[in-house]
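Close look at the chain arrangement
Each chain, letter by letter, is given below.
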Amino acid sequence: MSNADISSFDRANEAVTFLRSTLPEGLQAPKVAIVCGSGLGGLADTVQKEGRAEYDYASIPHFPRPTVAGHAGKLVFGLLGQRIPAVLMVGRAHFYEGHEMDKVTFPIRVFKQLGVDTVVLTNAAGGLNSEYNVGDIVLLNDHIFMAGLAGVHPLRGPNDEQFGVRFPPLSDAYDLELRRQVHQAWKDIIPAESTRKLHEGVYAFVSGPTYETRAESRMLRMLGADVVGMSTVPEIVVARHCGLRVLAFSLVTNNAVLAPVTRGDEQLLEGKDANQLNALIEEGKAGHEEVLEAGRNAALDMQKLVLQSLVKVFGQA
C-alpha cells in the first residue's frame, strides 16, 4: 500500500507508535514541540542531556528528510528547564526541496498525536521592515501566505475530520497569551543596553528557493509584510487545523533589497568597469551562508528567549 492510500491520521499514528516503542516513559507525551530553522539547531542544546533521546528522520515512518545545509534532520526528545517534556525538530523539510505540502507539514500531525499542546516554530528570514536590523528577533503575529492564496495549500483535498474542521479560521492563529509571555521573558533575560531588538511583525511565505527580487520585496512590504521566508506558515496552518497553540519567531538574517535596480542608462555608470558595475547590482544580495552566520551569532539569545518563555507558560523553573 502506498503513502497516498494511507490517511494522514494513520500515517501520523504509525510514526507515533514507532517513537513510543523506544521512548523513555517520561518523554512519551511531550507538552511542547519546537521546530528549529536554518542555523538555529542550537536550540536543541537547551534540552537536558540526561534521559535525552534522538531519532534520525530517516528512521521514522513517513517522516520527510531535509537536504539543506543547516538542517541536521533529527528529532530530539528531552526535558526543557527541569520538568517540561519537549520534542525538537533539528531541521525541517521545505516545499522547494520537492516535497508536497502534506509531507512538509506531516511532523505537525505527529506532534498532535504525541499529545503536544504548543508548537514553537523558528526560522531565518529576510527583513523587509526598514526598522529591523540583522540579528533582531521578530515575534510573528500574522502572515501572508502567497502560495496558499494561489491554491498551493496544505489543507487542499479531502479534509481529515479526525484532525480538524474543513474551514479552520486563522485570524487567531498566533496565540496572544503566548506572545505576552515572550515580551515578559525578553525583559527578564535581555539587558536593556543590548543592540538586539524584539519586534512583532507579519511573515510572508514564498516558495523559494530563489531569494526575492527587489520588485518582489517592495510588493511584499507594500502588502504589510515585515519579514519574508520559505517555511513556517504551512506548518502553522496545519497546527491550527489540529487545534495546537502556536508561537513563532523569525531571526532577521539579512535585509531584503528594496531599492529599485540601477537602470542601464543612468549617468552614474559612465566610466565604470565591469567589476564596478557588478558591485552596484550585487549590493545587499542575500546568500545562504550569510543566513547561517547570522543564526550562529544570535543563537544564544534565541535559545534563552524560547526557554524562558516556555518556563513562564508552563510555570516551571
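What counts and how
Residues numbered from 1 in each chain as written. Predicted model: local features only at pLDDT ≥ 70, side-chain atom pairs only at ≥ 80, totals over all residues. Heavy atoms only, no water. Helix = DSSP H or I, 4+ residues; strand = E, 2+ residues; numbered from the N terminus. Buried < 20%, exposed > 50% of the residue type's maximum accessible area, 1.4 Å probe, protein only. Contact = heavy atoms within 4.5 Å. Areas by Shrake-Rupley, 256 points an atom, 1.4 Å probe, with all protein chains shown as cover. Polar contact = N/O pair within 3.5 Å; in protein donor to acceptor, adjacent residues only side chain to side chain. Salt bridge = Lys/Arg side-chain N within 4 Å of Asp/Glu carboxyl O. UniProt positions renumbered as here; feature names shortened; annotations may be inferred.

1. Observations regarding the overall build of the chain
- Each helix and strand in the chain was counted, giving 9 helices and 9 strands.
- Split into buried and exposed, the 317 residues of the chain put 51% on the buried side.
- Looking at the chain alone, contacts between residues at least 24 apart form 82% of all its contacts between residues at least 6 apart.
- Only carbon and sulfur atoms are counted for the fraction: they give 51% of the accessible area of the chain, which is about 14,500 Å².

2. Quick notes on the side chain of Ser8
- Relative to the helices and strands, Ser8 resides in helix 1 (residues 8-20).
- Separated by 3.2 Å, the side chains of Ser8 and Asp160 make a polar contact.
- Each residue touching Ser8, except ones within four places of it in the same chain, is listed here: Phe106, Arg109, Asp160 and Phe163.

3. Some details on the pattern of salt bridges
- Inspection of the entire model under this criterion finds 12 salt bridges.
- Put simply, Arg180 and Glu177 hold a salt bridge, and the shortest N to O gap is 3.0 Å. Of the two residues, Arg180 and Glu177 are both situated in helix 5 (residues 176-189); the distance of 3 residues between them amounts to about one turn of the helix.
- Among the ionic pairs, Arg221 bridges to Asp226, the shortest N-O distance being 3.0 Å.
- We classify Arg221 as partly exposed; its relative accessible area is 31%.
- Judged by its relative accessible area of 9%, Asp226 falls in the buried class.
- Put simply, Arg52, Glu54 and Lys74 are held in one network by salt bridges that share partners.

4. Thoughts on the UniProt feature "binding site: a purine D-ribonucleoside" (unreviewed entry) in the chain
- Mapped onto this numbering, the UniProt entry annotates "binding site: a purine D-ribonucleoside" (unreviewed entry) at Glu212 and Asn254. Taken along the chain, the residues just named run across 43 residues; in space they keep tight, none of their C-alpha pairs more than 11.9 Å apart.
- With respect to the helices and strands, Glu212 occurs in the loop between strand 7 (198-205) and helix 6 (214-223).
- Residues contacting Glu212, with those up to four places away along its chain left out, are Val206, Ser217, Leu220, Val228 and Met230.
- Note on placement: Asn254 falls in strand 9 (residues 245-255).

5. Concerning the UniProt feature "binding site: phosphate" (unreviewed entry) in the chain
- Feature annotation in UniProt places "binding site: phosphate" (unreviewed entry) on Ser38, His71, Arg92, Ala93, His94, Ala124 and Ser231, given in this structure's numbering.
- Along the chain, Ser38 falls in the loop between strand 1 (32-36) and strand 2 (53-56).
- On the basis of relative accessible area, Ser38 is assigned to the buried category, the value being 12%.

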